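Structural characterization, general
In case you want the letters, here they are:
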Amino acid sequence: MKDDILRYLKNNKNKYVSGQAISNELSITRACVWKYIKELEVEGYKIEGISRKGYKLLYSPDILSREEIYENLNTKYIGKNIMHFDSLGSTNVEAKLLAAKNIENGTAVIGEEQTLGRGRLGRKWISPKYKGIWMSIVLYPEVEMSEVSKITQVAAASVINALSNLGIKAEIKWPNDIVINSKKVCGILTELSGELNKINHVVVGIGINANLEQEDFPEEIKNIGTSIKIENNNEINRKVLVAYILNEFEILYEEFLNHEFLNTLKICRENSALMGKKIRVIRNGQEILGEALDIEEDGALLVKYEDGKIERIISGEVSVRGLLGYV
Ligand code: BT5
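Every value quoted in this text rests on a predicted model; they were computed, and no experiment measured them.

What counts and what doesn't
- Residues numbered from 1 in each chain as written.
- Predicted model: local features only at pLDDT ≥ 70, side-chain atom pairs only at ≥ 80, totals over all residues.
- Heavy atoms only, no water.
- Helix = DSSP H or I, 4+ residues; strand = E, 2+ residues; numbered from the N terminus.
- Rg over C-alpha atoms; globule rule 2.2 N^0.38 Å.
- Buried < 20%, exposed > 50% of the residue type's maximum accessible area, 1.4 Å probe, protein only.
- Contact = heavy atoms within 4.5 Å.
- Areas by Shrake-Rupley, 256 points an atom, 1.4 Å probe, with all protein chains shown as cover.
- Expected span 1.5 Å × (residues − 1).
- Arc of directions from axis to C-beta.
- Core = buried A, V, L, I, M, F, W, Y, C linked by side-chain atoms within 4.5 Å.
- Polar contact = N/O pair within 3.5 Å; in protein donor to acceptor, adjacent residues only side chain to side chain.
- Near = heavy atom within 4 Å.
- Nonpolar A, V, L, I, M, F, W, Y, C, P; charged D, E, K, R; others polar.
- Patch = residues over 30% accessible without salt bridge, like charges linked within 9 Å, V, L, I, M, F, W, Y side chains within 5 Å.
- Salt bridge = Lys/Arg side-chain N within 4 Å of Asp/Glu carboxyl O.
- Pairing = 2+ DSSP bridges.
- Axes fitted to C-alpha atoms, helices over the stretch in contact; angles between N-to-C directions.
- Phe/Tyr/Trp six-rings, centres within 6.5 Å; stacked < 30°, edge-to-face > 60°.
- Lys NZ or Arg CZ within 6 Å of the ring centre and 35° of its normal.

1. Some thoughts on the overall build of the protein
Scanning the protein from terminus to terminus reveals nine helices and 14 strands. Taking 20 Å as the expected radius of gyration for a compact globule of 327 residues, we find that the protein reaches 22 Å, a close match to that expectation. Its C-alpha atoms give the protein principal-axis dimensions of about 80 × 45 × 30 Å. Of all 327 residues assigned to the protein, the portion counted as buried reaches 51%. A separation of at least 24 residues holds for 63% of the contacts in the protein among residues at least 6 apart in sequence. As displayed, the protein offers around 15,600 Å² of accessible surface, 48% of which is attributable to carbon and sulfur atoms.

Encoded structure:
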């Protein structure tokens, strides 16, 4: 009901709406309207109330709740259901629990803060409060297991397109990082639950350093991590970015389900931070120098080593770094 009142106020932006009009519209008492308005104020909404004129929404807080994201969302099912947490361990872990209970396809789990944010292979992902986008999408794709790693690239391409819609240029460091000026602003963690050749669910986790400050990064990742705010000298509107990512994701994910991967591939190739560059391929602690030649149609990275040998690298089996630094 509180969400309905908020929606009503948002639909009547810049206008006063009377308590009576809200109470008629939603079939609740005026006392109830007043109670919910007070609750919204506690959440950070600024609502002006003037007797005989009514209520007007003056300000919405910078939170990633369903109501805030809906304004810019135009998907059929991706992000239509949003589970918003003020704080939680990890959105991927929560999303997997919800997926095991068959929560609806496309549900997005979003946390303002993660206390146990996760990277690949049990690594940590720092996720300070209100500073970033920490989000996981629940999916039930009917595809071969070997196809699932492509969803990481669908997500990376969606982030690139969404940022580009906001005028921000970023690059993909194959397979799961987005970088700006050679430093990481986003990491993607795709996890799968399945048995034999049947996928139960896939959770794709996207972590974006939107408005982190230099001091939000612990010493050990200061050299590899950055935020969009630091690189662009500008605060980013997190709720718009979330909606844009979900919008882009649905388009490219639908194509992927229809075995059309070319658009994603094109975005990944054209915005690659590695293509044509000298790279270090790190496998079991051993480094080999090579050059990134291409991203193949199935999403594998094609690398040519100094001895002339060419290898297709499947995501996840190795780490890829730039010659001197992270990229
Ligand atoms: C990733 O792992 O890059 C995947 C990160 C996925 C995070 C999202 S947030 C929403 C969802 N819920 C989760 O719990 N996770 C997902 P990997 O490639 O393994 O990189 C991890 C490494 O990046 C760490 O070992 C650090 O060196 C570095 N790192 C940690 N936090 C970072 C941050 N906020 N920004 C940049 N680098 C970071």
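Structure shown, so let's carry the discussion forward.
2. A short note on helix α3 (residues 30–42)
Between its first and last C-alpha, α3 extends 19 Å over 13 residues, near the 18 Å set by a 1.5 Å rise per residue. Among all positions of α3, only V33, Y36, I37 and L40 are buried. In an axial view of α3, the angular spread of the buried residues amounts to 105 degrees, which keeps them on one side of the axis. Set apart from the buried face of α3 by more than 90 degrees, the exposed residues are A31 and V42.

3. Let's talk about the nonpolar core
Counting residues in hydrophobic clusters, the biggest one holds 68 residues, and the most contacted among them are I178, F249 and L301. Setting aside chain neighbours within four positions, we find I178 in contact with A156, V159, I160, L163, A170, E171, I172, K183, K184, V185 and C186. If you look at the next biggest cluster of nonpolar residues, it comprises 17 residues, including Y8, V17, I47 and I63.

4. Observations regarding the side chain of R280
Position of R280 among the secondary structure elements: in strand β10 (residues 278–283). The buried category is assigned to R280, whose relative accessible area is 14%. In this structure the side chain of R280 is engaged in a polar contact, spanning 3.0 Å, whose partner is the side chain of E287. Side-chain polar atoms of R280 contact the backbone oxygen of G322, separated by 2.7 Å. Among residues more than four places away in sequence, those in contact with R280 are E287, I288, L289, S319, V320, R321, G322, L323, L324 and G325.

5. As for the site of the ligand
With respect to spatial proximity, 27 residues lie near the ligand, and among them S90, R118, R123, K184 and N209 are the closest. S90 places a polar side-chain atom, nitrogen or oxygen, 2.7 Å from an oxygen atom of the ligand. One nitrogen or oxygen atom from the side chain of N176 is found 3.3 Å from an oxygen atom belonging to the ligand. Against a free-state accessible area of 800 Å², the protein chains account for coverage of 93% of the ligand. Those elements that place two or more of their residues in the shell around the ligand are α5 (91–100), β5 (133–139), β8 (183–195) and β9 (198–208). Broken down by element, the residue count for the shell around the ligand peaks at four residues, all from β8. Split into classes, the residues belonging to the shell around the ligand amount to eight nonpolar, 13 polar and six charged.

6. Looking at a nonpolar patch on the surface
A contiguous nonpolar patch, built from L289, L323 and L324 and spanning about 320 Å² of accessible area, is present on the exposed surface. Its location among the elements puts L289 in strand β11 (residues 286–295).

7. Looking at the sheet that holds strand β7 (residues 177–180)
Reading across the sheet, the seven strands line up as β3-β4-β5-β9-β8-β7-β6 and stay open at both edges, with mixed pairing between neighbours. Sheet topology places β3 (82–85) and β6 (171–173) at the edges, where each strand pairs with a single neighbour. Adjacent strand axes in the sheet meet at a mean angle of 20 degrees, parallel and antiparallel pairs treated alike. As paired strands, β3 and strand β4 (residues 108–111) are joined by four bridges and run parallel to one another. Considered in β4, the bridge of F85 is made with G111.

8. Digging into the pattern of salt bridges
Summed over all chains, the structure comprises 27 salt bridges. Among the salt bridges present, the one from E287 reaches R280, with a minimum N-O distance of 3.0 Å. Overall, the relative accessible area of 47% leaves E287 in the partly exposed class. Among the charged side chains, a salt-bridge network with shared partners connects K10, K13, E68, E71 and K239.

9. A word on the packing of aromatic side chains
Applying the stated rule across the entire model yields two aromatic pairs. Among the aromatic residues, ring-to-ring pairing joins F249, Y253 and F256 into one connected group. Positioned over the ring face of Y70 is K80, at 5.5 Å from the centre of the ring. Above the face of the F261 ring, K150 is positioned so that its terminal group lies 4.9 Å from the ring centre.

Interpretation note: all reported values are geometric properties and have no functional meaning in isolation.
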